[in-house]
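An overview of the molecular structure
Residues per chain are reported as follows:
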Amino acid sequence: MTTMNKLASVTRREFVAGSAATGGGLALGFHLPGIGAANAQVSAGLAPMAGEMNAWIVIGKDDTVTIRVHRSEMGQGSSTAIPQLVAEELQCDWSKVRMEFASVMRHIRENKVYVSFSTGGSQAIRGSHVYLRKAGATAREMLIRAAALGWGVPPADCRAEKGVVTHVASGRKATYGALADAAAKIAPPADVPFRADAVWNIAGQSPPRFDVPAKVDGSAVFGMDVKVPGMVHASIKQSPVFGGKVQSYDEAKVKSMPGVQAVVKLPGDGAVAVVAERYWQAKTAMDALPIVWDEGENGKVSQAAIIERLKAGLNEPGVKVRHDGDFDGAYAKAAKKVEAEYFAPFLDHACMEPMNCTASVTAGGVEVWVSTQNAEGALAAAAEAAGVPPDKVKVNLMYLGGGFGRRGRQDYVTQAVGIAKQVGKPVKLIWSREEDIQHGFYRPISMGRLQAGLDAQGNLMAYAHKVCGQSIFAYLLPHLVKDGVDASSVDGTHNQAYKMDNCKFDFVMRNSHVPVGFWRSVGSSQNAFITESFIDEVAHAAGKDPVEFRRGLLAHNKSWTNCLNMAAEKGDWGKPLPKGSGRGIAINACFGSITCHVAEVTVDARGRLKVDRVVVVLDSGHAVHPDNIAAQNESGVVYALTAMMHGEITIKDGRVEQSNFDNYPVLMFDQMPKVESYLSLTQGEWWGGVGEPSLAPLMAAVANAIFAATGKRIRSLPLKNQDLKTA
Amino acid sequence: MIDLKVNGKLHQVDAAPDTPLLWVLRDNLGLTGTKYGCGIAQCGACTVHINGQPVRACVTKLAAVGNGAVVTIEGLSNDKSHKVQEAWIAEQVPQCGYCQSGQIMAAVALLQTAPKPTDAQIEAAMTNICRCGTYQRVRKAIYRAAGIKA
């Protein structure tokens, strides 16, 4: 394995560890990153930066505090929440804090000093809070010790607050800016206690986000907006059929079109690009270029065939995910049985900013400017594509116009570098929206077969859920498929808190040629819909109120019970609604957090659905920026509603049928429900994510509300294919 | 060379007359605040004003602009002080932010014709797509800019 391959594979693995971990978080207890980094910088032959306390924190003479952020900013807000958490421990003056994105080049140079750049799996806080807090707390102690040393007093007699160290007895004071140089020379203390949530005065607040002002005047620079001297533009066409190859193209037809400089085939023969002075020239010529594709076997695959294979799969035993007690025995004896099958389609991410990357390849190395969820992955991809060692690559991380899991992949980086290498100039590659929707890494298609047995009193005696669907890991990271099980495919089924003594959860893998990937909330995006809709079915079959029924299964778990109860209370559970309206509840845990939704809907006589109100209760354990969490909850609701109402990628002749927002519509302003957001925080040992959990149970809450309003049970998505008319 | 009035300045633009205004703004004039999202007037990320009217720059040919006065997000103010920009910051509207130039331009155009818009007017005017789901905050920010109590 070459160094580059090794780096690429490590990076991919890290991304997945961050993306698909089902609640584990990072293994703790390894070397503390970033502490003593100034020394590492010296050993790398670089001058240490003045006032650098560690790789995360630089304190200026003017008392400004720069805090580095290792996760990409795609709207999820961690470029503010990460500095908050560091600043909380540092106890600096928040008004003097600036953020900057950490250097992935330094990270490579200094033994992964920033741990991970992967921005997925709702990991930004929950996967880094220990080392971020340690970086802040350690620096605070170093500042205190520097002051104490200068004053000749014991450090324990000094206090750090709002960027000032005070000797309590004498009232002497020194600002962090004045102490920074001396403090940076003090050995970092090994054990520093963290501040408890109860005394937080920076974390737990909702200061204005750092990235917002640049996003109201057009000055925020996304990958799409990069300007590099001498830059030309590229438009790309990839094989419409996944896995197809370019057979031939007629360059002469476009060579003399205005601005056109080159027509290039991409390495691997899966795509052609036209390079022109300006983007519109490149796009116009690209559309005019005749291309003959070798579609291969995949050109015959249809949606119906993919679905038939899934349906057949449900009749196979599959592989064991979790078997407790004796399902078969208990089910045979059940007084009442409930069975159902559910379906969830392929979905595209459809980030607002289509995929793009700017690359420059010179004799000295490679430089890329890119919106990516993993700057380290982008670096590895660029090195591999250019055939240079990683230390010859510079990555400029730009703001992301949405990510949702799509930008964890680096295909656009590989392409841009491949084109730049051939044309010998900096190239900005821009995908059309059509390329973006037709060349995604889709949320897998999936089905579920569920069975529940109730005793005569309506108590749950037996429960089974078999998932049959396409595996992300089998496509991206086959070594993570364990005993035939892709943990991401079954997330949200077997690992929920419900008490189920006799249960079985199984998995049948049915892969297609369609590329799949991590789509916001991953396996729970299908399985929370399926599980929580079915639990609702079972509650009704048991003749019990859906909240009451869940309470009975959750009594042993305080966090889940609190979350459920708060949602029921805030969501006015049990209060009457007009005819045609209904209320539904659903609860799920994924990415370390618990979410419970209560949705209110109205379905009119013609079957038109309006989601009127959604109450979201989240238990993320801790809350660093509550207003941002509310924003993420609103976001999760909209992303889920889009998928539920409209979302469907279908395959015909081996290719995606949808191409743009006219045939892959999304939720619009006038369909937005009123979203109310609440926190039910356990504040214990665990920290949960906030970017994905609020999406997962929403579809079930709405489906259960539709049932309450109409008596119609939704078992297949999207709703545009369902008739909700009651008459 | 084609004359183009943008943000109060007259430019001479070297582009084919059928080039969409969006790409003239971005590639010829470097005004990258106006975004490409779909190219078919569906998403509104490219919304600019021509003579005060909101238009989708991705389907507006350069030749069709003529003497029209184009205003882009960069032309609203020099210092984020337009009341709609201030409202957007106060309500912390943007998430990823990619669609927000278009959202803001649509909102500014709305408030020019309806200083105290009704919900129905807001819903009719705000047809821009946001994948992050900021719609609720967009509405609050419009209320705030219009001085409407929610």
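All values reported here derive from a predicted model rather than from experimental measurement.

Observations concerning the overall build of chain B
Broken down by element type, chain B carries 6 helices and 5 strands. Start at the N end of chain B and walk to the C end: the helices and strands fall as β-β-α-β-β-α-β-α-α-α-α. What you see for chain B is a C-alpha radius of gyration of 15 Å, in line with the 15 Å of a compact globule of 150 residues. The principal-axis extent of the C-alpha atoms belonging to chain B is close to 50 × 25 × 25 Å.

A closer look at the overall build of chain A
The number of helices and strands found in chain A is 19 helices and 27 strands. Taken over the C-alpha trace, chain A has a radius of gyration of 27 Å; the compact-globule value for 727 residues is 27 Å, and the two agree within 12%. Projected onto its principal axes, the C-alpha coordinates of chain A cover approximately 80 × 75 × 45 Å. Scored against the burial criterion, the 727 residues of chain A give a buried share of 63%. For chain A, contacts bridging at least 24 residues in sequence account for 76% of all contacts bridging at least 6. Summed over its atoms, the accessible surface of chain A is roughly 25,200 Å², and 52% of this surface lies on carbon and sulfur atoms. Charged side chains of chain A number 77 positive and 72 negative; the gap between the two group centres comes to 1 Å.

Some thoughts on helix α12 (residues 411-423) of chain A
All names here are of chain A. Compared with the 18 Å implied by 1.5 Å per residue over 13 residues, the 19 Å span of α12 between its first and last C-alpha is a close match. Here α12 has its buried residues at D411, Y412, V413, Q415, A416, V417, G418, I419 and A420. Looking one or two residues beyond α12, the residue adopting positive phi is G424, at roughly 70°.

Details of the packing of aromatic side chains
All names here are of chain A. This structure, assessed with the given rule, holds 22 aromatic pairs over all chains. Their ring planes at 50° and their centres at 6.1 Å tell us that W200 and W687 sit as a pair that is tilted. One end of the pair, W200, is in the loop between α6 (176-184) and β8 (232-238); the other, W687, is in the loop between β27 (674-679) and α19 (698-710), and 487 residues separate them in sequence. Assigned by exposure class, W200 and W687 land together as buried. Plain terms: the ring middles of F327 and Y331 are 5.0 Å apart, the flat faces sit at 20° to each other, and that makes the pair stacked. Of this pair, F327 and Y331 are both found in helix α10 (residues 327-332), 4 residues apart, which corresponds to roughly one turn of the helix. Accessibility expressed as a relative area gives 9% for Y331, which makes it buried. Here the guanidinium or amino end of R443 rests over the ring plane of W519, the centre of that ring lying 5.6 Å away. In this structure, R520 is placed above the aromatic ring of Y639, and the distance from its NZ or CZ to the ring centre is 5.4 Å.

Looking at the interface of chain B and chain A
At the junction of the two partners, chain B supplies 49 residues and chain A supplies 60 residues. Buried area between chain B and chain A, summed over both chains or domains, comes out near 4,500 Å², and the portion from carbon and sulfur atoms is 59%. Counting the contacts that link chain B with chain A gives 5 salt bridges. Of the charged contacts, one joins D225(A) and K35(B) as a salt bridge, the two residues approaching to 2.5 Å between their closest N and O atoms. The tally of links from chain B across to chain A stands at 26 residue pairs in polar contact (both at pLDDT 80 or more). Taken together, the elements giving at least two residues each to the side of chain B that touches chain A come down to α1 (21-28), α3 (83-90), α4 (100-113), α5 (119-125) and α6 (135-146) of chain B. At 5 residues, α6(B) tops the list of elements feeding residues into the side of chain B that touches chain A. When the residues that make up the side of chain B that touches chain A are grouped by side-chain class, the tally is 22 nonpolar, 16 polar and 11 charged.

Quick notes on the sheet that holds strand β1 (residues 52-54) of chain A
Residue and element names in this part refer to chain A. The strand order across the open sheet built from 4 strands is β1-β2-β3-β4, with neighbouring strands paired in mixed fashion. In the strand order of this sheet, the two ends are held by β1 and β4 (97-101), each with one partner. Pairwise comparison of adjacent strand axes, ignoring direction, gives a mean angle of 25° for this sheet. The sheet contacts of helix α3 (residues 78-90) involve β2 (57-59), β3 (65-69) and β4, and relative to β3 the element is tilted by about 130°. Lying on the sheet, α6 is in contact with β1 and β2; it crosses β1 at an angle near 60°.

Topic: the sheet that holds strand β24 (residues 609-619) of chain A
All names here are of chain A. Read from one edge to the other, the open sheet built from 4 strands follows the order β22-β23-β24-β27, with strand pairing classed as mixed. Taken across any chain shown, the strands that pair with only one partner, and hence form the sheet edges, are β22 (581-590) and β27. In this sheet, neighbouring strand axes are inclined to one another by 15° on average, regardless of whether the strands run parallel or antiparallel. Here strand β23 (residues 593-603) runs beside β24; their pairing, made up of 10 bridges, is antiparallel. Its bridge partner lying in β24, V598 is registered against V615. Strand contacts of helix α18 (residues 626-645): β23, β24 and β27, with the helix running at about 140° to β24, the strand carrying the most contacts.

Things to note about the packing of α4(B) against α6(B)
Residue and element names in this part refer to chain B. Packing of α4 against α6 brings their axes to within 11 Å, and their N-to-C directions diverge by 35°. For α4 against α6, the interelement crossing comes out right-handed. Every residue of α6 that contacts α4 at Q100, Q103, A107, L110 and L111 is listed here: Y135, V138, I142, A145 and A146. Per-class residue counts for the contact of α4 with α6 are 8 nonpolar, 2 polar and no charged.

Some words on helix α9 (residues 303-313) of chain A
Residues separated by three or four positions in an α-helix point in the same direction, a consequence of the helix having 3.6 residues per turn. Residue and element names in this part refer to chain A. Restricting attention to buried positions, one finds in α9 the residues Q303, I306, I307, L310 and G313. Projected down its long axis, α9 carries its buried residues within an arc of 115°, all on one side. Tucked into the core, α9 has its buried residues touching β14 (336-344), β19 (446-454), β20 (460-469), β21 (503-509) and β25 (651-652).

Some details on the domain arrangement of chain A
Residues and elements named next belong to chain A. Domains assigned within chain A are domain 1 (31-215), domain 2 (224-295 + 355-430) and domain 3 (303-347 + 442-721). For domain 1 versus domain 3, the separation of C-alpha centres amounts to 39 Å. Counting residues at the interface gives 22 residues for domain 1, matched by 18 residues for domain 3. Across the domain 1/domain 3 interface, buried area totals approximately 1,400 Å², and carbon plus sulfur atoms make up 56% of it. When residues of domain 1 are sorted by the area they lose upon contact with domain 3, S122, R126 and D197 head the list and together hold 35% of the total. Where domain 1 packs against domain 3, one counts 12 residue pairs in polar contact (both at pLDDT 80 or more). Taken together, the elements giving at least two residues each to the side of domain 1 that touches domain 3 come down to α3 and α5 (129-151). Per-element accounting of the side of domain 1 that touches domain 3 gives the leading share, 4 residues, to α3. Tallied by class, the residues present in the side of domain 1 that touches domain 3 amount to 6 nonpolar, 12 polar and 4 charged.

What counts and what doesn't
Residues numbered from 1 in each chain as written. Chains lettered and ligands numbered in written order. Predicted model: local features only at pLDDT ≥ 70, side-chain atom pairs only at ≥ 80, totals over all residues. Heavy atoms only, no water. Helix = DSSP H or I, 4+ residues; strand = E, 2+ residues; numbered from the N terminus. Rg over C-alpha atoms; globule rule 2.2 N^0.38 Å. Buried < 20%, exposed > 50% of the residue type's maximum accessible area, 1.4 Å probe, protein only. Contact = heavy atoms within 4.5 Å. Areas by Shrake-Rupley, 256 points an atom, 1.4 Å probe, with all protein chains shown as cover. Lys, Arg positive; Asp, Glu negative; His and termini not counted. Charge placed at Lys NZ, Arg CZ, Asp CG, Glu CD. Expected span 1.5 Å × (residues − 1). Phe/Tyr/Trp six-rings, centres within 6.5 Å; stacked < 30°, edge-to-face > 60°. Lys NZ or Arg CZ within 6 Å of the ring centre and 35° of its normal. Buried area = accessible area lost by both parts, 1.4 Å probe. Salt bridge = Lys/Arg side-chain N within 4 Å of Asp/Glu carboxyl O. Polar contact = N/O pair within 3.5 Å; in protein donor to acceptor, adjacent residues only side chain to side chain. Nonpolar A, V, L, I, M, F, W, Y, C, P; charged D, E, K, R; others polar. Pairing = 2+ DSSP bridges. Axes fitted to C-alpha atoms, helices over the stretch in contact; angles between N-to-C directions. Left-handed = near helix turned anticlockwise from the far one by under 90°. Arc of directions from axis to C-beta. Domains from an automatic or database assignment.

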